[in-house]
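If you want the building blocks of each chain, they are given just below.
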Amino acid sequence: MSDPRRSETMRAFRLTEWQASPALVEIPVPEPGPGEVRIKVAGNGLCQSDLHMPELPPQMGEILGWQMPFTLGHEVGGWIDRLGAGVSGYEEGQAVALVSTRSCGSCHECDSGFDNACDMNQRGRGYGMNGGIADYVVIESTRPLIPIEKLDPKLAGPLTDAGTTSYHGVRRVADKLGPGRTALVIGAGGLGGFAIQYVKILTEARLIVVDVAKDKLERAKALGADEVLDGKREDLAAEIMTLTEGRGCDAVLDFVGSDATIANGITVLAKLGTYAVIGAEQGKLDMPLMGALGGKNASIISFVGGTDADTRAAVSLGDQGLLRNDVELFDLDDAPTAFDRLSKGQIAGRGIIVP
Ligand SMILES: [Zn+2]
Ligand SMILES: [Zn+2]
């Protein structure tokens, strides 16, 4: 690894001030301190949330404890490049994916297995701290390291975020999805595409997928959906009830979260079912909650991201070659272009920045 940049500077796509576009700049290659590890980035997946970070008002950044400047990118795969003093159990050159969330491992939420709800996760790699859209990134401990064997580290990033959140959703409802049960996935984009695969891998349920885009429904079929339905049809809820012989769906995973998808998702929920809202469209439920759910003994859950264990499970499935992960690759020098195309909805699958 005789990279001339190594002891000098590197490229980093960063926010340098509040409410301004990110820029590709040259900064010194970071040195790992005691307990830290430097990763040579193979690929960093782009996320919709990256688009919102430049819009944050400074007050919000202060509340979250974010400090300018910082490098974007929270979906990292790469190779261990240098171990800080006192770090053992890992080798330089080892291929790894990094857990994208940041957690302490000892608070009530972490102890309960919900480290995605840890207070420490208000600020992390790529959101308030230096992230992976760069040649190198330094991590503060070995806690996020997931060794990978067969998976190309360049492609691992999306599994640590989109692939993790959707894994968490399916895992939370998997106990409802035995043989003869039905799962409904609303929204077959990046997260939904992974969820379709997890429902098929982890459960024996039949799977219905709803989306408004024809190409996404075709992809959903290819990924294993048993039935696909156009989300624009007026009789959507009635059609789902017909398909389930009037029982409804035992688990609904809503990756859109709009007024319409929430209303439909709750309406078609079966007795004892669970409706999970994951999509961030901030829809509202315009019906009496007790009336909609009480007679069904149904429940509603919501969450942001997945846990450390979910990431390890998702990366493991990827490492075994069991996941389809559609990506488009961009050179690090083209990060501004990739960012622009993401904002215009012009990237099919997940965009990955490759240094
Ligand atoms: Zn993300
Ligand atoms: Zn914690």
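What you are looking at is a predicted structure, and each value in this text was computed from that prediction instead of being measured.

**Focus: the overall build of the chain**
For step 1, the next point in the chain: Scanning the chain for helices and strands turns up 12 helices and 18 strands.
For step 2, the next point in the chain: In summary, the chain has a C-alpha radius of gyration of 21 Å against a globular reference of 20 Å for 355 residues, a match within 12%.
For step 3, the next point in the chain: Each principal axis of the C-alpha atoms in the chain carries an extent, and together these give about 65 × 40 × 40 Å.
For step 4, the next point in the chain: A total of 355 residues make up the chain; the buried ones form 48% of that total.
For step 5, the next point in the chain: Contacts spanning at least 24 positions in sequence make up 69% of the contacts within the chain whose residues lie at least 6 apart.

**Concerning the domain arrangement of the chain**
For step 1, the next point in the chain: The domain boundaries assigned to the chain delineate domain 1 (9–161 + 306–354) and domain 2 (164–302).
For step 2, the next point in the chain: The straight-line distance from the C-alpha centre of domain 1 to that of domain 2 is 29 Å.
For step 3, the next point in the chain: Between domain 1 and domain 2, the contact holds 16 residues from the first and 9 residues from the second.
For step 4, the next point in the chain: For the side of domain 1 that touches domain 2, the element with the most residues is helix α11 (residues 308–319), which contributes 5 residues.
For step 5, the next point in the chain: In terms of residue class, the side of domain 1 that touches domain 2 is built from 6 nonpolar, 6 polar and 4 charged.

**Structural notes on the sheet that holds strand β16 (residues 299–302)**
For step 1, the next point in the chain: Strand order in the open sheet formed by 6 strands is β13-β12-β11-β14-β15-β16, with parallel pairing between adjacent strands. Two strands bound the open sheet, and with one partner strand each, they are β13 (227–230) and β16. Across the sheet, the mean angle from the axis of one strand to that of its neighbour is 15°, orientation sign disregarded.
For step 2, the next point in the chain: The sheet contact formed by strand β12 (residues 206–211) and β13 spans 4 bridges and is parallel. The residue of β13 that forms the bridge with V209 is V228.
For step 3, the next point in the chain: The sheet strands contacting helix α9 (residues 259–267) are β11 (182–186), β14 (249–254) and β15 (269–277), and the helix crosses β15 at an angle near 155°.

**Some remarks on the nonpolar core**
For step 1, the next point in the chain: Membership of the largest hydrophobic core comes to 91 residues, with the highest contact counts inside it found for V185, V209 and L253.
For step 2, the next point in the chain: A domain split of this core shows at least three residues from each of domain 1 (9–161 + 306–354) and domain 2 (164–302).

**Thoughts on the packing of helix α6 (residues 190–202) against helix α7 (residues 214–223)**
For step 1, the next point in the chain: Put simply, α6 and α7 touch, their axes get as near as 9 Å, and they point 25° apart. Taken together, the axis directions place α6 and α7 in an arrangement best described as roughly parallel. Taken as a pair, α6 and α7 cross one another with a handedness that is right-handed. Two secondary-structure elements touch here, α6 through G193, I196 and Q197 and α7 through R219, A220 and L223.
For step 2, the next point in the chain: For the contact of α6 with α7, a count of residues per class yields 3 nonpolar, 2 polar and 1 charged.

**Section: unusual backbone geometry**
For step 1, the next point in the chain: With an omega of -10°, the peptide bond between M68 and P69 qualifies as cis.
For step 2, the next point in the chain: Tracing the chain through its elements places P69 in the loop between α2 (58–64) and β4 (70–71).
For step 3, the next point in the chain: Its identity is not glycine, yet Q19 carries a phi of approximately 55°, on the positive side.
For step 4, the next point in the chain: Mapped onto the secondary structure, Q19 falls in the loop between β1 (9–15) and β2 (23–28).
For step 5, the next point in the chain: According to the C-beta neighbour criterion, Q19 is exposed, with 11 such atoms within 10 Å.
For step 6, the next point in the chain: Even without glycine at this site, E245 takes up a positive phi of about 55°.

**Regarding the pairing of β12**
For step 1, the next point in the chain: Burial analysis of β12 places 6 of its 6 residues in the buried class, which makes it a mostly covered element.
For step 2, the next point in the chain: Neither face of β12 is open: one carries R206, I208 and V210, the other L207, V209 and D211, and all of them are buried.
For step 3, the next point in the chain: Note on the crossover from β11 through α6 to β12: the handedness is right-handed.
For step 4, the next point in the chain: With α7 bridging β12 and its parallel neighbour β13, the resulting β-α-β unit is right-handed.

**Re the packing of helix α5 (residues 162–173) against α11**
For step 1, the next point in the chain: Interhelical geometry of α5 versus α11 gives an angle of 105° and a closest axis separation of 8 Å. In terms of their interaxial angle, α5 and α11 are classed as roughly perpendicular. From α5, G163, T164, Y167, H168 and R171 reach across to α11, where they touch D310, T311, A313 and A314.
For step 2, the next point in the chain: Its residues assigned to classes, the contact of α5 with α11 comprises 3 nonpolar, 4 polar and 2 charged.

**Describing the pairing of β14**
For step 1, the next point in the chain: Where burial is concerned, most of β14 is hidden: 6 out of the 6 residues are buried.
For step 2, the next point in the chain: Across 4 bridges, β11 lies against β14 in parallel orientation. Bridge pairing links A183 to A251 in β14.
For step 3, the next point in the chain: Where β14 lies against β15, 5 bridges are found, and the strand directions are parallel. When the sheet's bridge partners are listed, A251 is paired in β15 with T274.

**Remarks on the sheet that holds β1**
For step 1, the next point in the chain: Pairing within the open sheet is antiparallel, and its 3 strands lie in the order β2-β1-β4. A strand with exactly one partner marks an edge of an open sheet, and here the two such strands are β2 and β4.
For step 2, the next point in the chain: Strand direction decides the pairing type here: β1 and β2, joined by 6 bridges, are antiparallel. Bridge assignment links F13 to a residue of β2, and that residue is L24.

About the thresholds
- Residues numbered from 1 in each chain as written.
- Chains lettered and ligands numbered in written order.
- Predicted model: local features only at pLDDT ≥ 70, side-chain atom pairs only at ≥ 80, totals over all residues.
- Helix = DSSP H or I, 4+ residues; strand = E, 2+ residues; numbered from the N terminus.
- Rg over C-alpha atoms; globule rule 2.2 N^0.38 Å.
- Buried ≥ 20, exposed ≤ 12 C-beta atoms within 10 Å, placed from the backbone.
- Contact = placed C-beta atoms within 7 Å.
- Domains from an automatic or database assignment.
- Nonpolar A, V, L, I, M, F, W, Y, C, P; charged D, E, K, R; others polar.
- Pairing = 2+ DSSP bridges.
- Axes fitted to C-alpha atoms, helices over the stretch in contact; angles between N-to-C directions.
- Core = buried A, V, L, I, M, F, W, Y, C linked by C-beta atoms within 7 Å.
- Parallel < 35°, antiparallel > 145°, perpendicular 65-115°, else oblique.
- Left-handed = near helix turned anticlockwise from the far one by under 90°.
- Right-handed = clockwise from strand over helix to strand, strands pointing away.

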